[in-house]
Structures are given as structure tokens and as C-alpha cells.
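Summary of structural features
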Amino acid sequence: MTDTLLVDEDGRFAVGKASTTPQNESVGFLESAEDAAGYWDLTSQEAFEQLSVVLYSGTGMLNTLLSRTGRRVGLIVTRGMEDAILMGRGLQAWTDYSYPDRLHAVTHQAPEPLVPRHRIYGVTERIDQFGNVVAPVYEHEAEKAAEELVAQGVEAICVCCMFSYVDDTHERQITEIVQNVLNKRDVEVPIYRSSSVRPVIREQSRLNSVVIEAYAADVSREQLVGVEEATQSQGFRYGVQTVLSYGGLAGIRYPRLHETMISGPVGGILGAKYVGDIIGSDSVIVSDMGGTSFDISAITRGNIPIENEPTLARFKLNLPTISMESIGAGAGTIIKVDPLTKKVSLGPESAGSTPGPVAFDMGGTEPTVCDCDVIMGRLNPDYFLGGKVKLNVEAAKSVFKEKVADPLGVDVYEAAEGMANMLEMDAKESMRQMISARAVDPADYALMAYGGSGPLHMAEYSRGMGFKNILTFPFAAAFSAFGCTTADYLRRYSRSVQLTLPPNADAEHRNSVAEEINRIWEGLQEAATSEMGDEGHAPADVQLEMFAQMRYTGQLEDVEVPLAMQRITADSDLDLVIKEFDELYAAINGAVAQYREAGHSITELGIVAKVEKIKPKLVRETLQGETPLAEAFKGTRSMYYNREWHEAQLWEMDYLKPGNVVAGPAVVEHPATTLVIPAGDRVWVDEWTIVHYEHAEDSSESE
Amino acid sequence: MASYDKTEIADLIDGSMPWPSTRAIMSAHKDDDRFDKYLSILQERVPWHHPILLPIGEHLYIVQSGENRIVKCDCGHEFGSYQDNWKNQALIRVRGDRESIAEIYPGRYTCDPEWMELREFICPGCVTLLEVEAAPPGFPIVFDFLPDLEGFYEDWLGKSLPQEA
Ligand SMILES: [Zn+2]
């Protein structure tokens, strides 16, 4: 499906849906946009004429990559490294597997390489890690490689030299030779240099990134251009934007489109940061439970965590990405009972949206957690997706009984609740691990629960965790999409360095470090201003924030330190950099973990360039009485909870007003999500129409 | 409980199933009718009618032949009782010198024939290479596999051994 989320300046939104049209994505997009506009009695033309920003993210690139239908790429690497792409990284053979499959090596399988060995050529050259030329480029080898790649009819050529992140001279030299051959043979083939993807250490990830850009990303640009043309034909006045994996927006002509390929979880965390800033909560744990996974992350003191080497379709990339931890635990997670041991396992397989859970009646044959929710009366069989999908309670019950309850010898309802609890425990355990790994105090954090199934299971997965407060949203199902609309135009630029600041460094050494930092930052700043300029942003609007990846010398992991300075103007600025690192390190790992005696290392320098974008506002309303409006009440339904049947009150989410309180047992329904409140717990709606969940006073761990 | 089509099991046997489906089967709980389907596919593929009790190699089966349980090749050649080592009835080619070993393992891969020889066991009926073993010269022929047929059928499959039809 193609979803369109239409947001107005007050944060109100409408969701439109249409079938995806893979041949020409713009067709499905326009249809779903028209559907969304219809909710506000607008034609699609009227909607597009008024819009300030259009964000689009499609799955075309990812599908190209997964189905291996990308370009015929040729690759030129440092001689001796020709097999790197075939060897890959060991973890690529199992990275998205379940724990049992990780243990059983027989299931491990390296992803099929994107470039076959016969289109990979080595060229003798070497620049070492300090930037010294150890061997010059053997030009005749580069020329021969180019000739043979042309003869093989390649559609793109990638060049990746080992230490090009230190000095890209050889990559440029090879590129020039290849270009000359192309000109001579009169063929037009784009060339991609690994150093222009992101000049940082670790060649496997850099290699994967540049190859994926050539293989799947750049080739999908046409679809984006098609979408832009379609919006403009409807009266939209600006360029279409896409979402980068680290949470910025970029125009569709952005040169490194593969950076838009991991944008799934980005929206939620941006939304959480945005809402957190409004309500004065700068530390937030976000939890997104959808159909297939449970994703969590933590914003600490306003800092969004960045992962520098994420995995995409089982390839490691050198692409800064908003870091989210994910477990295969969602409403569509399939429940299995081992016939021999009776051990129950959840997922990571999921029924997805097709065939979906058994209750969808669309061909699903395996019981899922969603089926349990249906069996227990927690989901309204006549109001799923606003009634668009009728849930078949009897089918869910009979399949669940046959495949789960009977083999376990347990009552159907008890078994169903047990499965839901297992999912909630898995979710809780993943949060607990994240919290303990980062040594954070949950009492400093707000928990935000969203995603279509977040509110359905949040009562239990947040119970007894000790968060400062627990929040969800009437638009929980669309929260990620909402979050994307709060993004700014933003780029990250960075470069690997090897700088050390020992505690006893002399003035000369410190001065050389300062000079090197300024030299790198200036270079990045130039690139930033020029690329932002290409997208039509005035230099005066571009805000720059510097950062450094730092560690105590000898450590293996970096901490990304945001810095307020724009350059090092005095020796004391270096002390300031160190102080910022020490404080951040202590906040993350605890003060006792500091090790200043070892001195400090800087491994990467970067800048974030930002231009602010118009954002939807959350509307603040005056609080009304605790009792919801009469029309919000929808009657009652039997709901199974804590091994008992309760008569739960049903409420319509969109009719709840600021100030209203709903006490359990209750279910608050919305076309796209369902909030379950067991007896003893309650929710109240604040002035921003954010729903606050409160557990019963004596609420203790149910384990 | 997992169960697969006969065509899927046939693809598994032939190694022609796409990897994602193969892995899905590997990761799932074992389908409890796998052995029966597997056997029936093998039975359909051989030109003879002795019931297969257990496959013991790519071309070899333990079958019920009248009162006897014998080892039999696809081609129909019979190797005698399964309790005796079928290899003793096979044609044997020993690669015991550098030159013949190097035909298989050339250059630096060649083993020292003083320490190891390769023995190839070939069917007298169809000249198919049935098995290869590596052993020190003078080491007795290895008896790979003497299954406990009764135990397997009765305790694991929960049924008695099939008899000659
Ligand atoms: Zn034979």
C-alpha cells in the first residue's frame, strides 16, 4: 500500500491509502494523496496548491536491492582487494536471524554479491593510513580494467581504494583514467568514488555503500523525479523531499540517495524529540510496536543516538543512521509450539499484512499475537481499520486452539493471554537491556508508546519499569509519519582522522591538532554550503554544528560529541572539546568509567548543516472536565484480562478531550489503533491531547 | 504442525529449492511426515519394487527383499545383507600414489601417500561412484553405518518395519 499523511499547520492529519504502483510509483502516490485530501473535502489539486512541503519515501530502491534487479556494476579496487566483496563481513551471513538460527551455522548464508567476480578488477596502488604514497597508481592497469568493463557492457563503475578516506588522490586519478576510456569509446557510464560516499575508515562498509548507491539507489531516482513531476502537475510549487537515515530531509537530486534507504524508524524518534521539546521532556525512550517488530531507542538530554555502521538488507553500510534496536515482536508475530518439547516461541517470523493474522481471513494459517488480542476481546472485530477489515473471531479461535492451546493443554483464553504476555515480556526485556546497557535511570525518562500495536500492549510492557511518565497519542499509528514532517533540511558530513591529545601534550602538538581540526572542518563546511546551495538554500539560513567522534585513547568505541564552536580559535578550545567529551561520556557510561589518564583520541570530525523547515504545531487546548463527552462512549464489551472476563467500557479516541480521564477496564478505539486499559489503571488526556498512561498504585512487576 | 508438499520435499532432495524456502524449512520445527514423504519419493524414482526401509547414501538403500534386508543401488545391483559392509562387494579403486592422488588434489593439495590413501567404491552394476573414503594405508575398510532399523521404526516412527509386498 501507499500511504499518504496530510498534515496541516496545527498538526491535524488525514491518512489516505491506495495500492502501490511499482512500475510508476507516482500513480499510486497521487491516488492515495487524493484519498487523504478527500477527508478534508479538498481535491488533490487544491491540496497540492496549498502545500509547503512534500516528503516522499518509496521502497523502490530497497526492492531493487532485495530482488537483485539493479544495474550491471563494474568495480575497480586496490589490487589484492578484489575478493573483498565476495568475502563480505561474517555477520552478514546471519545478521537478521533469530537466536537459534544464529547458533546453527548450517542456516548461515552470505548475501548474494551485487557485483560478480568477473566484473571486479584490481589496480596496483597504495596510499597508507597516514596518507603516504607507498605505490603509485599503475595507470595501464586502470586503463585495461576500464576497457574490459566497457567490453562487458557495464552500466555503472565504482572505484574503491583502500585508504581513500585519508587521501582520495588515487581514487580520483583512477576515475579520470576510466573517464578517458569511456570518452574514447564514446560510452556514457556513471562513475562512483567510495571517498565521495563518506570518507571514513572501514573499507567493507564503504565498499558496500558505494556499490549500493550505483546498483540500486541512483537508478531509482527516476521514480522520485516522476513523483515530483506528478505533484507539480497538481500545482505543488516546490521540490519533493526524501528522508535521510539520520533524520534530515534532502531534495530528490541529492547525490547520495542510498542515504534514504533506511528511513523506517527515523520518523518516530524525530517525532518523539519534537513532542519531548514541547512538553519539556528532553530524555525519552521511544517504543514502536507495529505488525512485525518492536523498535526502541533513547533520546538522552536531547541527543538522538546515531549508529555509524548499520545493516541494510544484510550489508554493512558506512551510513550514519538514527540508532534503533529492533526485535521481531509485533502484532503479526507468529506463535509456534515445538511439537516435541512444547516450547513456545514467538517469531521472528511475521504474518505481515499479507496473508496477515488468521482473523484477517486473507489466507493466514498461522496463529499470531493479533489473533490472541481478537480472541480476548481486546480488538473490536467490527472496527479494525475503522471497519475496513472484519475480524473473524471464530477462525482465530479455532486455529489458535488447534495449534497452540491444545498442544499445550491449556484453556484457549489463558493461552491467548499467555502469548500476549510473552510478547510484552520480550518487549520489556529489550527495553530493560537497553536501559541497563546505557546505565540510565528510567525515572529520568518519559516513555512514548506508538505504532499501530503500541497502545494495545503498552499497559504490560511498561508496567513496573519506573518511567517518569508514559505517553501515547491519538494518532499513535501515524506517529512515525508525523515525525517525518517535523524533520529539518539536514546534512551530515564527516571524515576519519587520527588525532590524539595525550594529557601531557606540548604546545606544538596541540597546535598541530587544532590546525588539522580546522582544516577538516573547513573542507566539510565548503561541501555543506555548496550542496545546500545546490538545493536552493541561502547560505545565511544554513546553521552549522560541529561534532567529533572521540574516545579515551586505546578504547574501541567512539562517542559522538556535539560542539558549539565553529573552529578552534585558541588552545583553550581544545580543553573545551575534551570537557564536552568527558561530560557526555560520564552521562552515558557513568563518571566512574572515565579514564582521562589515557588521553583522548579523535577518530572522526564532522559537521551537521541544517536549514529549518516549517513544521506542524501541536495545539494547546484548555483542560475540560474529567468526564468525556457522551458521544465518546461506545458501550461495553467483554474483555479477558488477568485470567478473568471484565466488562470493558469502550471509548472513541477522537472524541476524548483534554482533561478527560478514562479508568480501566476500558478500551479506547481509533480506526488505526486500540488502547487497552486493564482494571485499576487509567489514562488522562493533557492539554496537548497527549494521552498519559497511569498504572494502578500498587502496580508491581507481574513476573 | 509443519507439513510440506511432496514437490517441496522432492526439491529438497534434488537441491533445487530456492534458498529462502530451504532456510524457512530448516528454521521451522521438523515436519512429522517428512520421512514418509521422502521415502515415497525415492521409491517412485527407482525402477524396482522392493520397499525402501532407509536411504544410506546418494544411490544406496536398505530394502526389504523377501525375508532379507539388503543394500541395493538405484540401478538394481544388490550388495547383500545390510549388516555386512556393502563396500566389500563393490569395485574398489585405490589412489595410493602421488600421481593418482594429484588427479583429484593437484599441487600442494596432494596428501602424502605414505600417510593417506583414497579409496573409491564403485557400483559393479552401473559404475557409479558410490562413496570415497580416506584412510591410512593398511587400515581396514571403514563400515560407515550399521543402523538399528527396528529401534528407529518402532521407537521413533512408532510403527513396525514394512514387509515384502
Ligand atoms: Zn548401481
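Please read these numbers as outputs of a predicted model, since none were measured by experiment.

**Notes on the domain arrangement of chain A**
- The domains assigned to chain A are domain 1 (70-220), domain 2 (333-423) and domain 3 (489-611).
- On a C-alpha basis, the centres of domain 1 of chain A and domain 2 of chain A stand 46 Å from each other.

**Brief notes about the packing of aromatic side chains**
All names here are of chain A.
- Using the criterion set out here, one finds 26 aromatic pairs over all chains in the structure.
- Between Phe-29 and Tyr-56, the aromatic rings sit 5.3 Å apart at their centres with planes inclined by 80 degrees, giving edge-to-face as the arrangement. A residue pair is termed long-range when its members are at least 10 positions apart, and Phe-29 in helix α1 (residues 25-39) and Tyr-56 in the loop between α2 (44-50) and α3 (60-66) qualify at 27 residues. Each member of the pair, Phe-29 as well as Tyr-56, is classed as buried.
- Among the aromatic side chains, those forming a connected cluster through ring pairs are Tyr-274, Tyr-450, Phe-473, Phe-475, Phe-479 and Phe-482.
- Between the NZ or CZ atom of Lys-634 and the centre of the ring of Tyr-383, over which it lies, the distance is 3.7 Å.

**Topic: the sheet that holds strand β1 (residues 52-55) of chain B**
All names here are of chain B.
- The sheet built from four strands is open, its strands ordered β1-β2-β3-β4 with antiparallel pairing. Only two strands of the sheet have a single neighbouring strand rather than two, namely β1 and β4 (78-81). Pairwise comparison of adjacent strand axes, ignoring direction, gives a mean angle of 25 degrees for this sheet.
- Two strands pair when backbone bridges link them, and strand β3 (residues 68-73) and β4 are joined in this way by three bridges, in the antiparallel orientation. Within β4, the residue paired with Lys-72 across the bridge is Glu-78.
- Along the sheet, helix α3 (residues 34-45) contacts β1 and β2 (60-65); its crossing angle with β1, the most-contacted strand, is approximately 105 degrees.
- Packing against the sheet, helix α5 (residues 149-157) makes contact with β1, β2 and β3, and its axis sits at approximately 100 degrees to β1.

**A word on the packing of helix α1 (residues 6-14) of chain B against α3 of chain B**
Residues and elements named next belong to chain B.
- Contact geometry of α1 with α3 gives a least axis separation of 10 Å together with a crossing angle of 70 degrees. One element, α1, and the other, α3, form an angle in the roughly perpendicular class. From α1, Lys-6, Ile-9, Ala-10, Leu-12, Ile-13 and Asp-14 reach across to α3, where they touch Arg-34, Lys-37, Tyr-38, Ser-40, Ile-41, Leu-42, Glu-44 and Arg-45.
- Across the contact of α1 with α3, the residue classes break down as seven nonpolar, one polar and six charged.

**Examining the nonpolar core**
Residue and element names in this part refer to chain A.
- Ranked by internal contacts, the top residues of the largest apolar core, which has 68 residues, are Ile-285, Ile-335, Phe-400, Met-431, Tyr-461, Phe-467 and Leu-675.
- Per-element accounting of this core gives the leading share, 10 residues, to helix α14 (residues 412-437).
- Apart from residues lying up to four places away in sequence, Phe-400 is in contact with Ile-335, Pro-367, Cys-372, Ile-375, Ala-405, Val-412, Ala-415, Ala-416 and Met-419.
- Residues Val-266, Leu-584, Ile-602 and Ile-690 belong to the second largest nonpolar core, which totals 62 residues.

The rules behind each value
- Residues numbered from 1 in each chain as written.
- Chains lettered and ligands numbered in written order.
- Predicted model: local features only at pLDDT ≥ 70, side-chain atom pairs only at ≥ 80, totals over all residues.
- Heavy atoms only, no water.
- Domains from an automatic or database assignment.
- Phe/Tyr/Trp six-rings, centres within 6.5 Å; stacked < 30°, edge-to-face > 60°.
- Helix = DSSP H or I, 4+ residues; strand = E, 2+ residues; numbered from the N terminus.
- Buried < 20%, exposed > 50% of the residue type's maximum accessible area, 1.4 Å probe, protein only.
- Lys NZ or Arg CZ within 6 Å of the ring centre and 35° of its normal.
- Pairing = 2+ DSSP bridges.
- Axes fitted to C-alpha atoms, helices over the stretch in contact; angles between N-to-C directions.
- Contact = heavy atoms within 4.5 Å.
- Parallel < 35°, antiparallel > 145°, perpendicular 65-115°, else oblique.
- Nonpolar A, V, L, I, M, F, W, Y, C, P; charged D, E, K, R; others polar.
- Core = buried A, V, L, I, M, F, W, Y, C linked by side-chain atoms within 4.5 Å.

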